[in-house]
Amino acid sequence: KQIKMELRKINKADAFKQWEYTTELPEDENGLTNQYHGITFEDYQGKALPELISYENPVNMPDWFVPETYYYLWDDDQIVGEFRIRHYLTDDLRKGSGHIGYSVRKGCRGKGYGTIGLKLTIDEAKKIVPEEEIYLRVNKDNIASQKVMLKNGAYIAGEDDEHFFLRIKK
């Protein structure tokens, strides 16, 4: 099968499929948090979606808040992954979760979607991120995600007890 994939920015037209993906995603898996797990479609469409879209150009946010853009990886008409880009880093984010966070739908893992999605996301991040390198963090026990990052040119720049901190040169 020819894989035809597309990275698409979060939007109102795809609200239902985005909601399906979001509600399936656990509240916290491998360090990626999802405060919208289990939300109704009405609440997603009315409150969560406009809020998530607004993160790209935030207004009246706390000082620690960093603009963030949400993208979805589509394989034909199915969302197979979510990718988030933080536009720049604070000191805490530089030592923490970095520029990009992502997830791949449970039934779609191990099929190369993470690798392709991260590559497309890195291409977008290079246009946005002012830092010389793109920062990533991965749990030490998440071998699959480590492989995805390394396949995309990341190198391990440091670690703590639970995480590796990886960098990708722009």
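These figures come from a predicted structure and were not determined experimentally. (Residues numbered from 1 in each chain as written. Predicted model: local features only at pLDDT ≥ 70, side-chain atom pairs only at ≥ 80, totals over all residues. Heavy atoms only, no water.)

1. Things to note about the nonpolar core
We count it as follows: Only buried residues count toward a nonpolar core. Its members are Ala, Val, Leu, Ile, Met, Phe, Trp, Tyr and Cys residues joined through side-chain atoms within 4.5 Å. The rule is simple: take the accessible area with a 1.4 Å probe, protein chains only, and divide by the maximum for that residue type; under 20% is buried, over 50% is exposed, in between is partly exposed. Each helix is a run of H or I in the DSSP string that is no shorter than four residues. Each strand is a run of E no shorter than two, and both are numbered from the N terminus. Contact between two residues is taken to exist if any of their heavy atoms lie within 4.5 Å; hydrogens are not considered.
In terms of nonpolar packing, the biggest core is built from 25 residues, with I100, L118 and M149 touching the most fellow members. Contributing elements (two or more residues each) for this core: β1 (5–9), β4 (68–75), β5 (78–86), β6 (100–104), α4 (113–128), β7 (133–139), α5 (143–151) and β9 (163–169). Residues in contact with L118, not counting those within four places in the same chain, are F83, I100, Y102, V148, M149 and N152. Ranked by size, the runner-up nonpolar core spans 19 residues in total, among them I39, Y44, W74 and I79.

2. Remarks on α5
The condition that has to hold: Arc definition: it is the arc formed by the directions from the helix axis to the C-beta atoms.
Of the residues making up α5, those classed as buried are S145, Q146, V148 and M149. Buried positions in α5, seen along its axis, are confined to an arc of 160° and lie on one side of it. Turned more than 90 degrees off the buried face of α5, the exposed positions are A144, K147 and K151. Tucked inside the fold, the buried residues of α5 contact β6, α4, β7 and β9.

3. Considerations on the pattern of salt bridges
Here is the rule we go by: What makes a salt bridge here is a side-chain nitrogen of Lys or Arg within 4 Å of a carboxyl oxygen of Asp or Glu, nothing more.
Taken as a whole, this structure holds 14 salt bridges when the rule is applied. Put simply, R94 and D91 hold a salt bridge, and the shortest N to O gap is 3.0 Å. Here the residue R94 and the residue D91 both occupy positions in helix α3 (residues 91–95), the gap between them amounting to three residues, near one helical turn. Among the residues examined, R94 registers a relative accessible area of 28% and is labelled partly exposed.

4. Some details on the sheet that holds β1
The test is simple: Criterion used throughout: strands pair if DSSP finds at least two bridges between them. For helices, the axis comes from a line fit to the C-alpha atoms of the stretch in contact; other axes are also lines fit to C-alpha atoms, and the angle between any two N-to-C directions lies between 0 and 180 degrees.
Reading across the sheet, the four strands line up as β1-β4-β5-β6 and stay open at both edges, with antiparallel pairing between neighbours. In this open sheet, the two edge strands, each paired with only one partner strand, are β1 and β6. Neighbour-to-neighbour, the strand axes of this sheet turn through a mean angle of 20°, independent of strand direction. Bridge analysis of β4 against β5 gives eight bridges, and the strand direction is antiparallel. When the bridges of β5 are listed, L73 appears paired with G81. Its contacts with the sheet place α4 against β1, β4, β5 and β6, and it is angled at close to 35° to β5.

5. A closer look at the layout of surface pockets
Which entries qualify depends on this criterion: Each cavity reported here is a set of points on a 1 Å grid over the protein atoms alone in which a 1.4 Å probe fits but cannot get out, each pocket an open set with protein on both sides within 12 Å along at least five of seven lines, and each lining residue one with an atom within 4 Å of a point. Grid points are joined across faces, edges and corners, and a volume is the space filled by probe spheres set on the points. The nonpolar class holds Ala, Val, Leu, Ile, Met, Phe, Trp, Tyr, Cys and Pro. Asp, Glu, Lys and Arg form the charged class, and all remaining residues, Gly among them, are polar.
For the largest pocket, the calculated volume is near 1,200 Å³. Lining the largest pocket we find 48 residues, and of these G31, L32, G101, Y102 and S103 sit closest to its centre. Every element with two or more residues in the lining of the largest pocket is listed here: β3 (32–33), β4, β5, α3, β6, α4, β7 and α5. A class-by-class count of the residues in the lining of the largest pocket yields 20 nonpolar, 17 polar and 11 charged.

6. Side note on the sheet that holds β7
Across the sheet, which stays open at both edges, the three strands sit in the order β7-β9-β8 with antiparallel pairing between neighbours. If you trace the sheet from one side to the other, it starts and ends with β7 and β8 (155–159), each paired once. In this sheet, neighbouring strand axes are inclined to one another by 30° on average, regardless of whether the strands run parallel or antiparallel. Here β8 runs beside β9; their pairing, made up of four bridges, is antiparallel. Bridge pairing links E159 to F164 in β9. Helix-sheet contacts for α5 involve β7 and β9, and the interaxial angle to β7 is about 160°.

Geometric descriptors of this kind do not, in isolation, establish any biological role.
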